[in-house]
Amino acid sequence: YNVTVTYDNADAFSAKSGEGTYRWGENVTASVTLSEKTAHYTYKWAGFETESRLTFRNGTSKTSNPVTFVMPEENVTLKACSDSQTNEYAVTVEHYLMGTDGTYPDTPYETTVKPYYGETLVHKDLAREIKGLSFNENKTIQENGNRTQTQVTGNTVIRLYYDRSVCTVTYDYRTNGGTSA
C-alpha cells in the first residue's frame, strides 16, 4: 500500500518524508518541514488531514510532526496543513521640525503611514531632505528608546527629528566701500 504526503499550501512547506510503499501492519513515520518565515508570512504547523482511519503509535496524533501510524489495508494520503499569519504591519513615521526657538512641537510636521513586512528599519534611512533643516540622529535615537533601528514586529511609530541649520554670514564692510568709525 502507498503513503502519499501532500501540502495544503506549497509555500508553507520545504520538505517531506515518509512517502513510499508499505506492508499492512508496518509502522510508518511521515513528516514535513515548514518553510522559513518569508517577508510576508509566518507559517505555523496545524496538523495532518487524512480520510484514512489510522492507529497512531509512539504517542503521536494527527497534530504531531512527525507522525507514526500502523499501515492499514489501503492507500493513505496525508495532507500537511499550515496556518499562516501575515507579517504586514503599519509603520507610522512622524517628522518633527525644530522651531525657531530651538524646541520641537508636540505634534509632527508630517506623518506618513506605510505597510512593512517584518523587516528592520534603520531610522536615518527614513529621514527626508528638508530645506533649511538637518536630520538630528542623536535626538531621534533618544526619542525611539535609544535605538538606531526598529525591528517591525507589529504596528509601529517612529519619530524623526530635524534641527534648523545655522548659517553664519560674515560681511566685510571695507570690501564693499565702507569706512571705519
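Residues numbered from 1 in each chain as written. Predicted model: local features only at pLDDT ≥ 70, side-chain atom pairs only at ≥ 80, totals over all residues. Heavy atoms only, no water.

Engineer: What is the right way to read the pattern of salt bridges from this model?
Structural biologist: Side-chain pairing between opposite charges can occur once the charged atoms of the two side chains come close. By the definition in use, this model includes five salt bridges. A salt bridge links Arg-128 to Glu-110; the shortest N-O distance between them is 2.8 Å. Residue Arg-128 is located in the loop between α1 (123-126) and β12 (133-135), and its partner Glu-110 is located in strand β10 (residues 110-117); the two are separated by 18 residues in the primary sequence. Residue class for Arg-128 comes out partly exposed when judged on its relative accessible area of 36%. (Salt bridge = Lys/Arg side-chain N within 4 Å of Asp/Glu carboxyl O. Helix = DSSP H or I, 4+ residues; strand = E, 2+ residues; numbered from the N terminus. Buried < 20%, exposed > 50% of the residue type's maximum accessible area, 1.4 Å probe, protein only.)

Engineer: Is there a simple way to explain the packing of aromatic side chains in this structure?
Structural biologist: Each aromatic ring pair is characterised by the separation of its centres together with the angle its planes make. Evaluation of the coordinates by the stated rule reveals six aromatic pairs. Aromatic pair Tyr-7 and Phe-13: ring centres 5.0 Å apart, planes at 15°, arrangement stacked. With 5.0 Å between their ring centres and 85° between their planes, Tyr-104 and Tyr-161 make a pair best called edge-to-face. Taken together, the positions of Tyr-104 in the loop between β9 (88-97) and β10 and Tyr-161 in strand β14 (residues 156-164) put the pair 57 residues apart, joining distant regions of the chain. In this structure, Tyr-104 and Tyr-161 share a single accessibility class: buried. Put simply, the rings of Tyr-7, Phe-13, Trp-45 and Phe-48 touch in pairs and so form one group of aromatic residues. (Phe/Tyr/Trp six-rings, centres within 6.5 Å; stacked < 30°, edge-to-face > 60°.)

Engineer: Help me understand the environment of Asn-155, please; the structure alone is not making it clear to me.
Structural biologist: Examined against the element boundaries, Asn-155 turns out to sit in the loop between β13 (149-151) and β14. Given a relative accessible area of 63%, Asn-155 falls into the exposed group. Once the C-alpha coordinates of Asn-155 and Pro-115 are considered, the two residues, 40 residues apart in sequence, prove to be 9.0 Å apart. The residues touching Asn-155, leaving out its near neighbours within four places in the chain, are Tyr-89 and Ala-90. Of note is the side chain of Asn-155, whose polar atom sits 2.9 Å from the backbone nitrogen of Ala-90. (Contact = heavy atoms within 4.5 Å. Polar contact = N/O pair within 3.5 Å; in protein donor to acceptor, adjacent residues only side chain to side chain.)

Engineer: Could you clarify how one ought to interpret the sheet that holds strand β7 (residues 67-70) in this entry?
Structural biologist: Two pairing modes exist for strands in a sheet, parallel and antiparallel, and in both the strands are linked by backbone hydrogen bonds. What the four strands build is an open sheet, ordered β2-β4-β7-β6; its pairing is antiparallel. Looking at the sheet topology across the chains shown, the edges are occupied by β2 (13-17) and β6 (55-56). (Pairing = 2+ DSSP bridges.)

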